[in-house]
Amino acid sequence: MVKTFTLVLALLLTLGLSVQSVAAQLDTDATELDPKDVPGLIAGYSRTYAPDIEALMATPSADLLDLSAYMRNVSIMTYVFESDDTASDFFDMMKDQMTDELSAPSPELGQAEMSEVTEIDRDAMQVTVDMGDLGVGLTILMFIDGDTVFAIMAMDTTVDDATAMAIDIANYLIDAEVQDDEVTFNEDGTSIGGVFDRMPASGDEIVGGLQVESDSDLFATAAE
């Protein structure tokens, strides 16, 4: 059975948004979403960064009851299209969907806000979610760079910290160069080539010192 198109819908699912409405726009069934349903999409990859739990626990000054430190994480998702136009169409669809969903109050979203991003030199949008009761904030920043759509999900102790990190990562991705167009994929987080050449290294200051946890291949996951 085809798995849910989790990578493309990660932005929506994280916020509790409607899978059905996205499926309707793609003219497919919500239980059978597949990468091939997205017009022009030719590749999709993601990389997840997470805290080094062992190092945190070994820190003498660490407050082991402070769960916010363990909840810090970053995901960078990339959607590569056959042309700039199809990438733009996908971006516009996601932007419209998120705008529609966030216009209606939802108890699941809590304090969620959507805004344009001016701190990067690209057409971009961001959604922030303040989860103050948990001591964390979430920022999702999505932008287009030619035929590729990038989506950054950053979680930190506050919304401001998460937003600052997401913007720093976006600017890093924009400036980074690809050394080899061909992707060599490794699920353990050691993938190289293509979009992976543009991503920060494990432990980089840009990702707040977080460690690369894993990589995902959208098309391989959907085929399982």
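The shown structure was predicted, so the numbers you read here are calculated from the model rather than taken from an experiment. (Residues numbered from 1 in each chain as written. Predicted model: local features only at pLDDT ≥ 70, side-chain atom pairs only at ≥ 80, totals over all residues. Heavy atoms only, no water.)

Here's the deal with the nonpolar core
- Ile 120, Leu 141 and Phe 143 are the most contacted members of the largest nonpolar core, which totals 27 residues.
- Going through the elements one at a time, β1 (41–50), β2 (73–81), β5 (136–145), β6 (148–156) and α6 (159–175) are the ones with two or more residues in this core.
- The dominant element in this core, judged by the number of residues it contributes, is α6, at 7 residues.
- Contacts of Ile 120, omitting those with residues within four sequence positions, involve Leu 141, Phe 143, Ile 167, Ala 170, Asn 171 and Ile 174.
- With 24 residues, the next largest nonpolar core counts Met 94, Val 136, Met 142 and Val 149 among its residues. (Core = buried A, V, L, I, M, F, W, Y, C linked by side-chain atoms within 4.5 Å. Buried < 20%, exposed > 50% of the residue type's maximum accessible area, 1.4 Å probe, protein only. Helix = DSSP H or I, 4+ residues; strand = E, 2+ residues; numbered from the N terminus. Contact = heavy atoms within 4.5 Å.)

Re α6
- Taking 1.5 Å per residue, 17 residues should reach 24 Å; α6 reaches 24 Å between its end C-alpha atoms and fits that length.
- Listed in full, the buried residues belonging to α6 are Val 159, Ala 162, Thr 163, Met 165, Ala 166, Ile 167, Ile 169, Ala 170, Leu 173 and Ile 174.
- Lining the buried residues of α6 we find β2, β4 (124–131), β5 and β6. (Expected span 1.5 Å × (residues − 1).)

A few points about the confidence of the model for the protein
- Looking at the protein as a whole, its pLDDT mean stands at 77, while 69% of the residues score no less than 70.
- Mean pLDDT across the elements of the protein bottoms out in helix α1 (residues 6–14) (42) and peaks in α6 (95).
- Confidence over residues 1–23 falls short of pLDDT 50; this stretch has 70 contacts with residues more than four positions distant or in other chains. (pLDDT = per-residue confidence, 0-100.)

As for a negative patch on the surface
- A cluster of like negative charges, contributed by Asp 84, Asp 85, Asp 89, Asp 92, Asp 96 and Asp 123, occupies part of the molecular surface.
- Within the secondary structure, Asp 84 sits in helix α5 (residues 84–102).
- Judged by its relative accessible area of 48%, Asp 84 is partly exposed. (Patch = residues over 30% accessible without salt bridge, like charges linked within 9 Å, V, L, I, M, F, W, Y side chains within 5 Å. Areas by Shrake-Rupley, 256 points an atom, 1.4 Å probe, with all protein chains shown as cover. Salt bridge = Lys/Arg side-chain N within 4 Å of Asp/Glu carboxyl O. Lys, Arg positive; Asp, Glu negative; His and termini not counted. Charge placed at Lys NZ, Arg CZ, Asp CG, Glu CD.)

Description of the packing of aromatic side chains
- A full pass over the atoms with the stated rule returns 6 aromatic pairs.
- Between Phe 143 and Phe 150, the ring centres sit 5.2 Å apart and the planes meet at 15 degrees, which makes this aromatic pair stacked.
- The exposure class of Phe 150 is buried, given its relative accessible area of 0%.
- Members of the aromatic cluster, each reached through a chain of ring pairs, are Tyr 45, Phe 185 and Phe 196. (Phe/Tyr/Trp six-rings, centres within 6.5 Å; stacked < 30°, edge-to-face > 60°.)

Points about the side chain of Ser 191
- Topologically, Ser 191 is positioned in the loop between α6 and β7 (211–217).
- Note on Ser 191: relative accessible area 4%, which makes it buried.
- A polar atom in the side chain of Ser 191 sits 2.8 Å from the backbone nitrogen of Asn 186.
- Leaving out residues up to four positions away in the same chain, Ser 191 has contacts with Arg 47, Thr 184, Phe 185, Asn 186, Phe 196 and Asp 215. (Polar contact = N/O pair within 3.5 Å; in protein donor to acceptor, adjacent residues only side chain to side chain.)

Re the environment of Phe 81
- On the secondary structure map, Phe 81 appears in strand β2.
- Separated by 39 residues in the primary sequence, Phe 81 and Ile 42 have C-alpha atoms spaced 5.3 Å apart.
- Setting aside residues no more than four positions away along its own chain, Phe 81 makes contact with Val 38, Pro 39, Gly 40, Leu 41, Ile 42, Thr 86, Ala 87, Phe 90, Asp 147 and Val 149.

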